[in-house]
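# Chain and residue survey
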Amino acid sequence: MDFLNILSGALGEIISPTTAAYALGALGLAVHFGYTGLLNFGQAGFMAMGAYGLAISTLTFNAPFWVGVLVGLVLSVLFAFLLGIPTLRLRADYLAIVTIAAAEIIRYVVTTNRLTDITGSAGGLNGFTNGFYALNPFPEGRYNLLFVTLSYRDLWVRVAAWALVALCCVLVWLLMRSPWGRVLKGIREDENAVRSLGKNVYSYKMQSLVIGGMFGALAGILFTLPRSSVQPANYGTELTFFLWTCLLLGGAATVLGPVLGAMMFWVVLSLTQGLLFGAIEAGYITFITTTQAGQLRFIMVGVALMLLMIFRPQGVLGNKKEMAFT
Amino acid sequence: MSDGTGAPETGDYMTDTRPIAQGEAGPGCRKRDPIVVAKQVTRRFGGINAVDVDYLEIPRHKITALIGPNGAGKTTFFNLLTGFDQPNSGEWTFDGHPLSGVSSYKVARMGMIRTFQLTKVMGKLTVLENMRLGAADQPGERLFKALFRNLWGGREREITEQANVLLQKFKLDTKRDDYAASLSGGQRKLLEMARSLMARPKLVMLDEPMAGVNPALTQSLLEHIKNLKAEGMSVLFVEHDMQMVRYIADWVVVMAEGKVVAEGPPAEVMKDQAVIDAYLGAHHDVDLGETEGVQALEAELARDDESVVGTEDEGIIGQHLTEQDGRAEDSGKDEG
């Protein structure tokens, strides 16, 4: 077993664009749940909006990259309105039901065979990220970071992804220290009390849903960039629940919690994979196969989350007095 | 002044002794200067008329108590007036503005702010943040202005200043930075009331402000409510504590089974036979803690044709329950 290799692989996950995508998706959920108390179980749907918005506008309409991103954002805003208008006047549970169903509807629609020309059906779409890599400011070559060596393309996608995550974190921080953020937190605590103080609760919830949803769409785009492909199977409910795992790991009502949560999630997955596979290949573990070990990792993540909820319900960065998952 | 009837200058609201009603006091009577006028407001839950108010005016610059037995529709009426519930029919105005179909947050912005029977504080915000949330006209509550502190920092300082003054008045200044969840029930009532004053309302509607407040705190709460009037606000409150109603209310409205059954100055309303029957009970002056009181009540009830006491049907109401209670005989058999 090559521990150094396993370790550097795990550390490499910290800055991987997929981690950035998870961080951003979870940050959107932090706006929804951590600050406003909205239960969005359809963040995968918002991510699909971003990813398919970019892919379809690039491939079908030959739109430039920035237009594709814009289309993804606009789609996610429309999706948020579609979900929010009927449900945000009702109790929180209804949004949860509608979002989880709507995200699945999106996935089934893009998988439909009759739409193969546009959405690529189950096979998905490929090769729509040339516009993004054309913007690469780094000269061709390989770059040595502390523990990983990256091609100039990999470097560009990481720099762009984390710059976007940082920007969004600053945005959330600015918003949540403001009186606007205070109204959101008030709604999380008791929306009738906030209403009785003359605030338009419905409008604030909608703004929160839209902002978190746009973060979701950007996360969906970040998720597709390193792969240059989008596949419907990636946008199932388990993606949403991985994002929730990241959020709760880090701390729901914090700005950096979702980022830290996403990093921890991927580092732990990568470490356990490396260690388990290494142990199996080296013959230390004989009673499971590598395929089973892959599943075992997620069981371990589930157990870790349960332990976290029991012993530190506010997450790693959270303040127990302010926000605990109860 | 908006009322145009030559109301006294601020500070004199306490000594204003002019009659509140125009003419005879009674259910639905016209007031000299009403702030809320409700007409034919009804609300049904299934087959029950929870609220069926024919006509009611709430006087301006006065403390009005809304009393009545449990289930009389007081809180439902509160919810209807403030837009938290929609009536089946009826219309009502606040300060001359019609309010039917107006959503609750707009009602609050007009200056009619309520509190809740089950106190609603934002537990996971600090006391100071709770207070700040109550303030009106904070530009930073708009999404795009929220990003730039220079656009809302000034107003925030004003709000904080106002909040500090109120917290001091309500003796919560030492709790400013504590989470509201750590406050006691009585302190939460105080916080909720203080918070409702942040927006400088014209009419404060308090739903059972004394419920669950310890007696030591009651006196200071009463003074706070009286001060609201001195500062030119009108107050409408729901309360069960008759002592409190007598002490601070200028006007009392009595509801029973959804209807307004009596209204008038407290001293007169308490003597009204309809009120005594509906609310206090016909024998409210009996002290049931003493044997003579119970015996006197029994003797009185025995003479009453409508009462079962003294007849064979009196059941467990009478004193001789062991002789009439079937279970007592059963247990006797078991022992034998």
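This structure is a prediction, so every number in the text was calculated from the model and none was measured. (Residues numbered from 1 in each chain as written. Chains lettered and ligands numbered in written order. Predicted model: local features only at pLDDT ≥ 70, side-chain atom pairs only at ≥ 80, totals over all residues. Heavy atoms only, no water.)

## Considerations on the domain arrangement of chain B
Often, the extent of an interface is quoted as the loss of accessible area upon association of its parts. All names here are of chain B. Rule in force here: Segment limits for the domains were obtained from an automatic or database-derived domain assignment. Two residues qualify as a contact provided that any one of their heavy atoms is within 4.5 Å of a heavy atom in the partner residue. The term buried area denotes the loss of accessible surface (1.4 Å probe radius) that occurs when two parts are joined, taken as the sum for both partners. Only one rule defines a salt bridge in this text: a Lys or Arg side-chain nitrogen within 4 Å of an Asp or Glu carboxyl oxygen. Definition of a polar contact: a pair of N or O atoms within 3.5 Å, with one able to donate and the other able to accept a hydrogen when the atoms are protein atoms, and with sequence-neighbouring residues admitted only if both atoms are side-chain atoms. When residue character is reported, Ala, Val, Leu, Ile, Met, Phe, Trp, Tyr, Cys and Pro are called nonpolar, Asp, Glu, Lys and Arg charged, and the others, Gly included, polar.
Here the domain parsing of chain B yields domain 1 (1–121 + 183–285), domain 2 (126–182) and domain 3 (291–335). The C-alpha-based centres of domain 1 and domain 2 are spaced at 28 Å. Opposite the 16 residues of domain 1 that make contact, domain 2 presents 19 residues. In total, about 1,600 Å² of surface goes out of reach between domain 1 and domain 2, with carbon and sulfur atoms giving 67% of it. Ranking the residues of domain 1 by area buried against domain 2 places Leu-183, Leu-191 and Met-198 at the top, with a combined share of 42%. Counting the contacts that link domain 1 with domain 2 gives one salt bridge. Its salt-bridge partner being Glu-231, residue Lys-169 comes within 3.0 Å of it at the nearest N-O pair. For the pair domain 1 and domain 2, the interface holds seven residue pairs in polar contact (both at pLDDT 80 or more). Partitioned by chemical class, the residues of the side of domain 1 that touches domain 2 number nine nonpolar, three polar and four charged.

## Overview of the nonpolar core
To be explicit about the condition: Buried Ala, Val, Leu, Ile, Met, Phe, Trp, Tyr and Cys residues that are joined via side-chain atoms within 4.5 Å together make up what is termed a nonpolar core. Three exposure classes are used, based on accessible area relative to the maximum for each residue type with a 1.4 Å probe and protein chains only: buried under 20%, partly exposed in between, and exposed over 50%. A run of DSSP states H or I qualifies as a helix once it reaches four residues; a run of E qualifies as a strand once it reaches two. Both are numbered from the N-terminal end.
Counting residues in hydrophobic clusters, the biggest one holds 98 residues, and the most contacted among them are Tyr-22, Val-165 and Trp-180 of chain A. With 14 residues, the single largest contributor to this core is helix H11 (residues 201–224) of chain A. One finds Ile-159, Leu-197, Met-210 and Val-269 of chain B within the second-largest nonpolar core, a separate group that totals 44 residues.

## Describing the UniProt feature "transmembrane region" (unreviewed entry) in chain A
Residues and elements named next belong to chain A. What counts is decided by this rule: UniProt positions are given in the numbering used here, feature names are shortened, and annotations may be inferred rather than shown by experiment.
Residues annotated by UniProt as "transmembrane region" (unreviewed entry) correspond here to residues 6–31, 65–85, 155–176, 209–229, 241–260, 267–288 and 294–311. Annotated as 100% helix and 0% strand, the span residues 65–85 places its first and last C-alpha atoms 30 Å apart. End-to-end, the C-alpha atoms of residues 241–260 are 16 Å apart, and along that stretch the chain is 70% helix and 0% strand.

## Things to note about the packing of helix H9 (residues 179–189) of chain A against helix H3 (residues 127–134) of chain B
Cut-off, in case you're wondering: Lines fitted to C-alpha atoms define the axes, with helix axes restricted to the stretch in contact, and inter-axis angles between N-to-C directions lie between 0 and 180 degrees. When describing relative orientation, an angle under 35 degrees is termed roughly parallel and one over 145 degrees roughly antiparallel, while 65 to 115 degrees is termed roughly perpendicular and anything else oblique.
At their nearest, the axes of H9 of chain A and H3 of chain B sit 10 Å apart, and the two run at 105 degrees to each other. Here H3 of chain B runs roughly perpendicular to H9 of chain A, going by the angle between their axes. Of the residues in H3 of chain B, those touching H9 of chain A at Arg-182, Val-183 and Gly-186 of chain A are Glu-129, Arg-132 and Leu-133 of chain B. Each residue belonging to the contact of H9 of chain A with H3 of chain B can be placed in one class, and the counts come to two nonpolar, one polar and three charged.

## Quick word on the environment of Ile-280 of chain A
Residues and elements named next belong to chain A. Along the chain, Ile-280 turns up in helix H13 (residues 257–281). C-alpha separation for the pair Ile-280 and Thr-36, spaced 244 residues apart in sequence, amounts to 45 Å. Ignoring anything within four residues of it in the chain, the contact list for Ile-280 reads Ile-285, Ile-288, Thr-289, Thr-290 and Ala-293.

## Overview of the sheet that holds strand S7 (residues 203–207) of chain B
All names here are of chain B. Selection criterion: Two strands are said to pair when DSSP picks up at least two bridges between them.
On the basis of which strands lie adjacent, the open sheet formed by six strands has the order S6-S7-S8-S3-S9-S10 and mixed pairing. Here the strands that pair on one side only, and so sit at the sheet edges, are strand S6 (112–114) and strand S10 (259–264). Adjacent strand axes in the sheet meet at a mean angle of 20 degrees, parallel and antiparallel pairs treated alike. Seen against the sheet, helix H7 (residues 215–230) touches strand S3 (63–67), S7 and strand S8 (234–238) and runs at an angle of roughly 130 degrees to S3.

## Overview of unusual backbone geometry
Residue and element names in this part refer to chain B. A positive phi angle, near 55 degrees, is found at Asp-137, a position not held by glycine. Take Asp-137: its relative accessible area is 67%, and that puts it in the exposed class. One non-glycine residue, Glu-257, lies in positive phi territory at about 50 degrees. Mapping Glu-257 onto the fold places it in the loop between strand S9 (251–256) and S10.

## Thoughts on the packing of aromatic side chains
Residues and elements named next belong to chain A. The condition is simple: Between 30 and 60 degrees the pair is tilted, below 30 it is stacked and above 60 it is edge-to-face, where a pair is any two Phe, Tyr or Trp rings, Trp via its six-membered ring, whose centres lie within 6.5 Å. Here, over-ring charges are defined by two tests on the NZ atom of lysine or the CZ atom of arginine: distance to the ring centre within 6 Å, and angle to the ring normal within 35 degrees.
This structure, assessed with the given rule, holds 18 aromatic pairs over all chains. Consider the rings of Phe-132 and Tyr-133, whose centres lie 5.0 Å apart with planes at 75 degrees: the pair is edge-to-face. Residue Tyr-133 is classed as buried on the basis of its relative accessible area of 10%. Measuring from ring centre to ring centre gives 5.3 Å for Phe-242 and Phe-265, while their planes differ by 45 degrees; the resulting arrangement is tilted. Residue Phe-242 is located in helix H12 (residues 237–250), and its partner Phe-265 is located in helix H13; the two are separated by 23 residues in the primary sequence. For Phe-242, a relative accessible area of 21% corresponds to the partly exposed category. Members of the aromatic cluster, connected to one another through ring pairs, are Tyr-22, Tyr-52, Phe-223, Tyr-235, Phe-242, Phe-265, Trp-266 and Phe-298. Above the face of the Tyr-133 ring, Arg-153 is positioned so that its terminal group lies 3.8 Å from the ring centre.

## Some details on the interface of chain A and chain B
In this assembly, 30 residues from chain A lie in contact with 31 residues from chain B. Between chain A and chain B the total buried area reaches about 2,800 Å² when both faces are included, carbon and sulfur atoms providing 63% of it. It is Arg-182, Ser-196 and Leu-197 of chain A that lose the most area in chain A upon contact with chain B, and together they represent 25% of the buried surface on that side. At the surface where chain A touches chain B, the tally comes to four salt bridges. In this structure, the salt-bridge partner of Lys-120 of chain B is Asp-190 of chain A, at a minimum N-O distance of 3.7 Å. Summed over the shared surface of chain A and chain B, the number is ten residue pairs in polar contact (both at pLDDT 80 or more).

## Some thoughts on the confidence of the model for chain B
All names here are of chain B. Note the following rule: What pLDDT conveys is the predictor's confidence in a given residue, as a value from 0 to 100.
Per-residue confidence for chain B averages 82 on the pLDDT scale, and 83% of its residues sit at or above 70. Here helix H13 (residues 326–335) stands out as the element of chain B with the lowest mean pLDDT, 42, in contrast to H3, whose mean of 95 is the highest. Taken as a whole, residues 320–336 scores under 50 in pLDDT and shows seven contacts with residues more than four places along the chain or in a different chain. Across the interface, the model reports ipTM at 0.87; the global pTM reads 0.86.

## Topic: empty space enclosed by the protein
All names here are of chain B. We count it as follows: Cavities and pockets are found on a 1 Å grid laid over the protein atoms alone: a cavity is a set of points where a 1.4 Å probe fits but cannot escape, a pocket is an open set with protein on both sides within 12 Å along at least five of seven lines, and a lining residue has an atom within 4 Å of such a point. Grid points are joined across faces, edges and corners, and a volume is the space filled by probe spheres set on the points.
Tallying each qualifying case throughout the model produces four cavities of 30 Å³ or more. Roughly 60 Å³ of internal volume is contained in the second largest cavity. Around the second largest cavity, the lining residues are Leu-166, Lys-169, Phe-170, Leu-197, His-224, Asn-227, Leu-228 and Glu-231. Listing elements by their share of the lining of the second largest cavity, those giving two or more residues are helix H5 (149–169) and H7.

## With respect to the sheet that holds strand S2 (residues 48–59) of chain B
The strands making up a sheet associate through hydrogen bonds between their backbones, and the pairing can be parallel or antiparallel. Residues and elements named next belong to chain B. Reading across from one edge, S2-S1-S4-S5 is the order of the four strands in this open sheet, with antiparallel pairing throughout. A single partner strand is all that each edge strand has here, and the edge strands are S2 and strand S5 (97–98). Bridging between strand S4 (residues 89–94) and S5 involves two bridges; their strand directions are antiparallel. Counterpart to Thr-93 in the pairing with S5 is Pro-98.

## Some remarks on the layout of surface pockets
Considering only enclosed or pocket space, the largest pocket measures out at about 510 Å³ in volume. Taken together, 24 residues line the largest pocket, and the ones lying closest to its centre are Gly-198 and Tyr-204 of chain A together with Arg-109, Glu-141 and Arg-142 of chain B. The set of elements that each furnish at least two residues to the lining of the largest pocket consists of H11 of chain A together with helix H2 (104–110) of chain B. The element best represented in the lining of the largest pocket is H2 of chain B, accounting for four residues. Each residue belonging to the lining of the largest pocket can be placed in one class, and the counts come to eleven nonpolar, six polar and seven charged. In this model, the second largest pocket occupies a volume close to 420 Å³. In terms of lining, the second largest pocket is formed by 18 residues, of which the most central are Arg-89, Glu-191 and Arg-195 of chain A together with Ser-103 and Ser-104 of chain B. If you list the elements that add at least two residues to the lining of the second largest pocket, you get helix H10 (191–196) and H11 of chain A together with H2 of chain B. Residue composition of the lining of the second largest pocket, grouped by class: six nonpolar, seven polar and five charged.

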